[in-house]
Amino acid sequence: MDKLRRVLSGQEENEELGLTEQVLDASTLSYSTRVKWFVICFAGGILCSILGSALLFLPNGIKLFAVFYTLGNIAALSSTCFLMGPLKQLKRMFEPTRLIATIVMLLCLVLTLCAVFWWHKKGLAIIFCILQFLAMTWYSISYIPFARHAVMKCFTTCLGS
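Attention in this report is confined to the structure presented alongside it. (Residues numbered from 1 in each chain as written. Predicted model: local features only at pLDDT ≥ 70, side-chain atom pairs only at ≥ 80, totals over all residues. Heavy atoms only, no water.)

Digging into the overall build of the chain
Convention followed: The helix and strand labels rest on DSSP assignments: H or I over at least four residues marks a helix, E over at least two residues marks a strand, and numbering proceeds from the N terminus. When a residue's accessible area, from a 1.4 Å probe over protein chains only, is under 20% of the maximum for its type it is buried; when over 50% it is exposed; and in between it is partly exposed. Note on definitions: a residue-residue contact is assigned when non-hydrogen atoms from the two residues lie within 4.5 Å. Only the protein chains shown count as covering a residue, and every accessible area follows the Shrake-Rupley method with a 1.4 Å probe.
In terms of helices and strands, the chain carries 8 helices and 0 strands. Sequence-ordered secondary structure for the chain, helices as α and strands as β, is α-α-α-α-α-α-α-α. Counting the 161 residues in the chain, one finds 25% classified as buried. Contacts spanning at least 24 positions in sequence make up 57% of the contacts within the chain whose residues lie at least 6 apart. Of the roughly 11200 Å² that the chain leaves accessible, carbon and sulfur atoms contribute 73%.

This is how it looks when you write it as structure tokens:
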């Protein structure tokens, strides 16, 4: 009878939500562990990007460059999952203010690899890597209040004069 009363009053959903929250709370990492893994993942991403840039000058190094540069960007992007959690990260990535930058960034990650491995277009792969960098930068500064506005105003002032 109590269960029927809870279902009719809508309290059973709250219990399920409480259970979900309990599971998520039980699986969370401590703050220091999250920061350590953020630093490890972010540093690994930067290292992969630098390594990819160094491999660019080897014979047939464009493939290695594209792979390492893309993996570096994925690792750097994934590192923030340790700080805020993967679900919150995904929700924030697809907020209206970041939606275009997120789509362009993810699309460029895929297109870079397609240009190297399937289309065999080296120049196109480098263009997509540059677009990856620009989209990642635009995405990253969206977390800093008024940074996008300041960058746009700076470019408008520089190009307008």
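Re the state of the cysteines
Definition in use: Here, a disulfide means two cysteine sulfur atoms that sit within 2.5 Å of each other.
Throughout the structure, instances matching the rule amount to 0 disulfides. Here C108 stays unpaired: no disulfide links it, and the sulfur of C129, its closest cysteine neighbor, is 9.0 Å away.

Points about the packing of helix 4 (residues 61-84) against helix 7 (residues 122-141)
Describing two packed helices takes the angle between their axes plus the distance from one axis to the other. Stated formally: To obtain each axis, a line is fitted to C-alpha atoms, and for helices this fit is confined to the stretch in contact; angles are then taken between N-to-C directions over 0 to 180 degrees. Reported orientations rely on four angle classes, namely roughly parallel under 35 degrees, roughly antiparallel over 145, roughly perpendicular from 65 to 115, and oblique for the rest. Two helices cross in a left-handed way if the nearer one is turned anticlockwise from the farther one by less than a right angle. They cross in a right-handed way if the turn is clockwise. Asp, Glu, Lys and Arg are counted as charged, while Ala, Val, Leu, Ile, Met, Phe, Trp, Tyr, Cys and Pro are counted as nonpolar; the rest, among them Gly, fall into the polar class.
One can describe the packing of helix 4 onto helix 7 by two numbers: an axis separation of 10 Å at closest approach and a directional angle of 15°. When the axes of helix 4 and helix 7 are compared, the pair comes out roughly parallel. The two elements helix 4 and helix 7 cross, and the hand of that crossing is left-handed. On helix 7, the residues that touch I62, F65, Y69, T70, N73 and L77 of helix 4 are K122, I126, C129, Q132, F133, M136 and Y139. For the contact of helix 4 with helix 7, the class distribution of residues is 9 nonpolar, 3 polar and 1 charged.

A word on the side chain of R98
The test is simple: Polar contact is the term for a pair of N or O atoms within 3.5 Å; when the atoms are in protein, one must be able to donate a hydrogen and the other to accept it, and sequence-neighboring residues count only if both atoms are side-chain atoms.
Positionally, R98 belongs in the loop between helix 5 (86-93) and helix 6 (99-117). A polar contact is formed between the side chain of R98 and the backbone oxygen of R92, at a distance of 3.2 Å. For R98, the residues in contact, after removing those within four places along its chain, are R92, M93, Y139, S142, Y143 and R148.

Looking at the pattern of salt bridges
Oppositely charged side chains are able to pair whenever their charged atoms sit close together. Convention followed: For this document, the term salt bridge refers to a Lys or Arg side-chain nitrogen within 4 Å of an Asp or Glu carboxyl oxygen.
Applying the stated rule across the entire model yields 1 salt bridge. Linking R98 and E95 is a salt bridge whose minimum nitrogen-to-oxygen distance equals 2.6 Å.

Observations regarding unusual backbone geometry
Its identity as a non-glycine residue notwithstanding, H120 has a phi of 55°, on the positive side. Secondary-structure assignment places H120 in the loop between helix 6 and helix 7. What makes H120 exposed here is its relative accessible area of 54%.

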